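Descriptive structure summary
Here is what each chain is made of, one letter per residue.
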Amino acid sequence: MNIAVIGGGASGLVAAIAAARNGAKVTIYEKMNKAGKKILATGNGRCNYTNMNISISRYHGKNIKLAENVLNSFDLDRTLCFFEDMGITPRSGSLGKVYPNSLQSSSVLDVLRYEIKRLNVEEITDFEVTQLRKIKGKFSIIGMGAIYRADKVILATGGKAGPQFGSDGGGYELAKSFGHKIIEPFPALVQLKLKGRYFKRMAGVRFDGVVKGLNGKNSIREDEGEILFTNYGISGPPVLQISRKIIEELLKGKDVFVYLDMFPQLSKVELYGLLSDKFGRIGYKSIEDGMIGFINKKLIPVVLMEANFNDLGKKCGRLNKKEIYRIINILKEWKFEVTGYNTWQQAQSTAGGVDMSEVNPKTLESAKVKGLYLSGEILDVDGDCGGFNLQWAWSSGYTAGYSSSSVQ
Ligand SMILES: Cc1cc2nc3c(=O)[nH]c(=O)nc-3n(C[C@H](O)[C@H](O)[C@H](O)COP(=O)(O)OP(=O)(O)OC[C@H]3O[C@@H](n4cnc5c(N)ncnc54)[C@H](O)[C@@H]3O)c2cc1C
């Protein structure tokens, strides 16, 4: 059996391996000059390729329950084994994140490419598939003035996140040409733009804190970790983590705010104890000088201005309890309006895509066209930050590759 894999990304490479191991003759069609370019950029060049806490609760999408079977069948253990069998020794990091022990994403791509070669999978690069047709039981793969044929097709063209790595949403048109509907995609795992006057001054400051998204009084999602001020708003793993839910609310036209807690380990009362003691010792200093050594210097004037201090030269010893609490309220509940989010170029994942209800949840075969399979980010499944998206790419790729090569 002849199988065409459209898109040589994380999912397509694993799909090709699974199909070839199952005896199929496989060809990968990749529009970039090399397959797997995005893999190199993952995990800041270290490839956080799965997570010890894989569970359907960490995934999102309209019919997300339908993704559970695939995640359970090619699960964490099978994934670790799959990669160990190709030479990747896993290394656990914080929050259950798993990396190759080399901490090099190129290792993951290298072993996948080695296996593709070993299995005689053909790779046609610099080839953008612009049309797919099915005529008399056979697929035509059309692009760049050429036509190839295959018995089965696996569409693994990714979503829209990171178009610089090849995934620009073109695959949606191919899916649509076979009658699939696309749930409107939007960036997930992306930095947030906030309203505020001082971001240029604060850009580059990092702190370990909590970011909480709220729509009116309703909490949307919160997360903890390293947060980074940028010249447009905030970035960092917890910001990416909550971004999907925030953007969902923004797209509904809701007003959304984030609250930053720079001292999550301390209650307001504890923080008051700390600050009043500190100010007591250095009562002769201005509050601007008195805050040095407590928070990043770049933040001091901004925090004090936000706390409505007009006179930053006021002596620490002259601050009353109410005034100290004004500072604490900024440090613990700094409120910003969310005005937007970064572009697809900066996004790490895509929310939306082909509805899971339009594929067989066991095999990932299209419910519209027999012999067409879909895998990876093109489907309406997006995971949390931390290895969940690559796990979906591997699990769905393996499932599509194996099932397409098993069924006659
Ligand atoms: C910067 C960055 C860092 C990330 N870090 C992590 C991480 O550490 N852990 C994690 O779990 N996830 C991470 N992700 C997400 C993860 O990389 C993706 O979810 C995953 O790669 C999706 O796999 P895919 O194969 O479905 O799509 P992709 O990897 O996007 O691959 C799709 C492929 O199809 C090709 N293609 C598209 N259209 C066509 C066409 N018409 N014809 C031919 N070829 C085509 C593209 O060139 C591309 O090679 C990161 C993403 C980015 C952008």
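Refer to the preceding data block for the structure.
Residues numbered from 1 in each chain as written. Predicted model: local features only at pLDDT ≥ 70, side-chain atom pairs only at ≥ 80, totals over all residues. Heavy atoms only, no water.

**Some thoughts on the packing of aromatic side chains**
- Summed over all chains, the structure comprises 19 aromatic pairs.
- With a centroid separation of 5.6 Å and 40 degrees between ring planes, the pair formed by Phe207 and Phe229 is classed as tilted. Of this pair, Phe207 sits in strand S14 (residues 206-215) while Phe229 sits in strand S15 (residues 218-229); the two residues are 22 residues apart in sequence, bridging distant segments of the chain. Assigned by exposure class, Phe207 and Phe229 land together as buried.
- Here the aromatic rings of Phe263 and Phe294 are separated by 5.2 Å at their centres, their planes lie at 20 degrees, and the arrangement is stacked. Of this pair, Phe263 sits in the loop between strand S17 (256-261) and helix H9 (268-281) while Phe294 sits in the loop between helix H10 (287-290) and helix H11 (300-306), and the two are 31 residues apart along the sequence.
- Since its relative accessible area comes to 19%, Phe294 is described here as buried.
- Joined through ring pairs, the aromatic side chains of Tyr49, Phe74, Phe82, Phe83, Trp394, Tyr398 and Tyr402 make up one cluster.
- Between the NZ or CZ atom of Lys321 and the centre of the ring of Tyr272, over which it lies, the distance is 5.5 Å.
- The ring of Phe309 is capped by Arg326, whose NZ or CZ atom sits 4.5 Å from the centre of that ring. (Phe/Tyr/Trp six-rings, centres within 6.5 Å; stacked < 30°, edge-to-face > 60°. Helix = DSSP H or I, 4+ residues; strand = E, 2+ residues; numbered from the N terminus. Buried < 20%, exposed > 50% of the residue type's maximum accessible area, 1.4 Å probe, protein only. Lys NZ or Arg CZ within 6 Å of the ring centre and 35° of its normal.)

**So, the sheet that holds strand S9 (residues 138-143)**
- Reading across the sheet, the three strands line up as S8-S9-S10 and stay open at both edges, with antiparallel pairing between neighbours. One side of each edge strand has no neighbouring strand; the edge strands of this open sheet are strand S8 (131-135) and strand S10 (146-150). Averaged over all pairs of adjacent strands, the angle between strand axes in this sheet comes to 25 degrees, irrespective of strand direction.
- Looking at chain direction, S8 and S9 are connected through five bridges and run antiparallel. (Pairing = 2+ DSSP bridges. Axes fitted to C-alpha atoms, helices over the stretch in contact; angles between N-to-C directions.)

**Description of the site of the ligand**
- As a matter of local geometry, the ligand sits amid 32 residues, with Glu30, Lys38, Gly43, Glu377 and Leu390 nearest to it.
- Backbone polar atom of Ala10 to an oxygen atom of the ligand: 3.2 Å apart, as the coordinates give it.
- At 3.0 Å from a nitrogen atom of the ligand is found a main-chain nitrogen or oxygen belonging to Val129.
- Considered on its own, the ligand offers 1,000 Å² of accessible surface; in the complex 95% of this is hidden by protein.
- Secondary-structure elements contributing two or more residues to the shell around the ligand are helix H1 (10-21), helix H2 (37-41) and helix H13 (388-406).
- Counting residues per element, the shell around the ligand draws most heavily on H13, which supplies four residues.
- Grouping the amino acids of the shell around the ligand by side-chain chemistry returns 12 nonpolar, 15 polar and five charged. (Near = heavy atom within 4 Å. Polar contact = N/O pair within 3.5 Å; in protein donor to acceptor, adjacent residues only side chain to side chain. Areas by Shrake-Rupley, 256 points an atom, 1.4 Å probe, with all protein chains shown as cover. Nonpolar A, V, L, I, M, F, W, Y, C, P; charged D, E, K, R; others polar.)

**As for helix H8 (residues 237-251)**
- An ideal rise of 1.5 Å per residue puts 21 Å on 15 residues; H8 measures up with 22 Å between its terminal C-alpha atoms.
- A bend of about 45 degrees at Ser243 is the largest found in H8.
- By the criterion of burial, H8 is predominantly enclosed, with 11 of the 15 residues buried.
- Among all positions of H8, only Pro238, Val239, Leu240, Gln241, Ile242, Ser243, Arg244, Ile246, Ile247, Glu249 and Leu250 are buried.
- Looking at the residues trailing H8, positive phi occurs at Gly253, about 85 degrees. (Expected span 1.5 Å × (residues − 1). Bend = angle between axes of the 7 residues up to and from the residue.)

The analysis is restricted to geometry; functional conclusions fall outside its scope.
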